[in-house]
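Architecture and fold: a report
Residues per chain are reported as follows:
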Amino acid sequence: MARKNLRITAFKALKFILCGGVMAGSAQIASAQNNTLDNGGTVNIEQVGPENLAIVSSNGRNTASITQTGSGNTATIISDGRGNGELSGEIDQDGDNNTTMGTIEGDDNQYIVEQRSSGASNKTNFSQLGSQNEIDIIQNAAGLTDGLANSAEVLQTGIGNYAALNQTALIGGVGFYSNIATVTQDGDDNLATSTQSGDNNRSEQVQVGDKNVSNILQTGDDNTAIHRQFGDSLTLPDYLEGTQIEQNGGATITVEQYDAYNMPFGPPGR
């Protein structure tokens, strides 16, 4: 099957489906650019087969959906932030060794990333630059015997952002982390939550700003949780019932909180 390279400019709604084979050179590239500045622009990409690449670039109040079935696939969403309040997206990957990347600018945007694999590994790197944004990442790996199952890295800058990571790995290799989650939030009134289930888990959450909330739950062996906050009013609200770090298994916990007057060498990133 010949290699396919598509670049499509979308003005209202677009959906295309690509089915790749298992032959060498059958990888597919789908690139869609949505220039709609008013409401209702939609891009849907579905790819079936190995080693595919999907890229969605949006500069309006639009919706993006990417579905990939196969191994070695990459999905990327980019937005320049001119569509505050209406931008949303969903990425669904089913297969091994898949990668998701996103760079989103603007406010009030919501994204969901779900990755499933029968082996290793799932990777997500997502940045949201703005306020009142949300990202939900779900990663599930089953049958892993060697290497890293799930890794997710999230960066949010702004006020009132929410990041939720859920990672599950059934089998972890000796000397390897099954799940790694890193969340960095720079701004006030942000919430980060990380849930990990597997043999070897590592979760690190760093928050710079005031009135931020961090929640880490780990189930498995040889867990590591690192929780760093820089700012004022770092106590959690009553409905969360205080500090939320819970581990079941071999546990290592590091908690650091610094107010505005006692930050060692100044807060990171500022």
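Calculation criteria
- Residues numbered from 1 in each chain as written.
- Predicted model: local features only at pLDDT ≥ 70, side-chain atom pairs only at ≥ 80, totals over all residues.
- Heavy atoms only, no water.
- Helix = DSSP H or I, 4+ residues; strand = E, 2+ residues; numbered from the N terminus.
- Contact = heavy atoms within 4.5 Å.
- Core = buried A, V, L, I, M, F, W, Y, C linked by side-chain atoms within 4.5 Å.
- Buried < 20%, exposed > 50% of the residue type's maximum accessible area, 1.4 Å probe, protein only.
- Phe/Tyr/Trp six-rings, centres within 6.5 Å; stacked < 30°, edge-to-face > 60°.
- pLDDT = per-residue confidence, 0-100.
- Pairing = 2+ DSSP bridges.
- Salt bridge = Lys/Arg side-chain N within 4 Å of Asp/Glu carboxyl O.
- Polar contact = N/O pair within 3.5 Å; in protein donor to acceptor, adjacent residues only side chain to side chain.

1. Re the side chain of glutamine 68
- Within the fold, glutamine 68 resides in strand β6 (residues 62-69).
- In contact with glutamine 68, other than residues within four places in its own chain, are Gln47, Asn52, Leu53, Ala54, Asn73, Thr74, Ala75, Asp92, Gln93 and Asp94.

2. Regarding the nonpolar core
- Counting residues in hydrophobic clusters, the biggest one holds 24 residues, and the most contacted among them are Ile45, Ile66, Ile77 and Ile135.
- Excluding its chain neighbours within four sequence positions, the residues that come into contact with isoleucine 66 are Ile45, Ala54, Val56, Ala75, Thr76, Ile77, Glu90, Ile91 and Asp92.

3. Quick notes on the packing of aromatic side chains
- Throughout the structure, instances matching the rule amount to one aromatic pair.
- Measuring from centroid to centroid gives 5.5 Å for tyrosine 111 and phenylalanine 126, while their planes differ by 50°, and the two rings are tilted. One end of the pair, tyrosine 111, is in strand β10 (residues 110-117); the other, phenylalanine 126, is in strand β11 (residues 122-129), with 15 residues separating them in the sequence. Summarising the burial analysis for this pair, tyrosine 111 and phenylalanine 126 share the class buried.

4. Side note on unusual backbone geometry
- Its identity is not glycine, yet aspartate 108 carries a phi of approximately 60°, on the positive side.
- One can find aspartate 108 in the loop between β9 (98-105) and β10.

5. Here's the deal with the confidence of the model for the protein
- On average, residues of the protein score 75 in pLDDT, and 64% of them reach the 70 mark or higher.
- A low-confidence stretch, residues 16-25 stays under pLDDT 50, and its non-local contacts, those more than four residues away or across chains, total 30 contacts.
- Ignoring residues within four places in sequence, the model shows residues 260-265, a span with pLDDT below 50, making seven contacts including any to other chains.

6. What about the environment of aspartate 189?
- Tracing the backbone through its elements, the reader meets aspartate 189 in the loop between β15 (179-186) and β16 (191-197).
- With 31 residues separating them in the primary sequence, aspartate 189 and glycine 158 have C-alpha atoms 9.0 Å apart.
- Not counting residues within four places of it along the chain, the set of residues in contact with aspartate 189 comprises Ile159, Gly160, Asn161, Asp210, Lys211 and Asn212.

7. Remarks on the pairing of β6
- By the alternation rule, side chains of β6 split into Asn62, Ala64, Ile66 and Gln68, which are all buried, and Thr63, Ser65, Thr67 and Thr69, of which none is buried.
- Where strand β4 (residues 41-48) meets β6, eight bridges bridge the pair, whose relative direction is parallel. Bridge pairing links asparagine 44 to serine 65 in β6.
- As paired strands, β6 and strand β8 (residues 88-94) are joined by seven bridges and run parallel to one another. Each bridged residue has a counterpart across the sheet, and for threonine 69 the counterpart in β8 is aspartate 94.

8. Focus on the pattern of salt bridges
- According to the stated counting rule, one finds five salt bridges in the structure shown.
- The closest approach of N and O atoms between arginine 202 and glutamate 204, which form a salt bridge, is 3.5 Å.
- Residues joined in a network through salt bridges with shared partners are Asp92, Asp94, Glu114 and Arg116.

9. Observations concerning the environment of glutamine 110
- Residue placement: glutamine 110 occurs in strand β10.
- Each C-alpha atom, one on glutamine 110 and one on threonine 63, is 9.8 Å from the other, the two residues being 47 residues apart in sequence.
- A distance of 3.3 Å separates the side chain of glutamine 110 from the backbone oxygen of aspartate 108, its partner in a polar contact.

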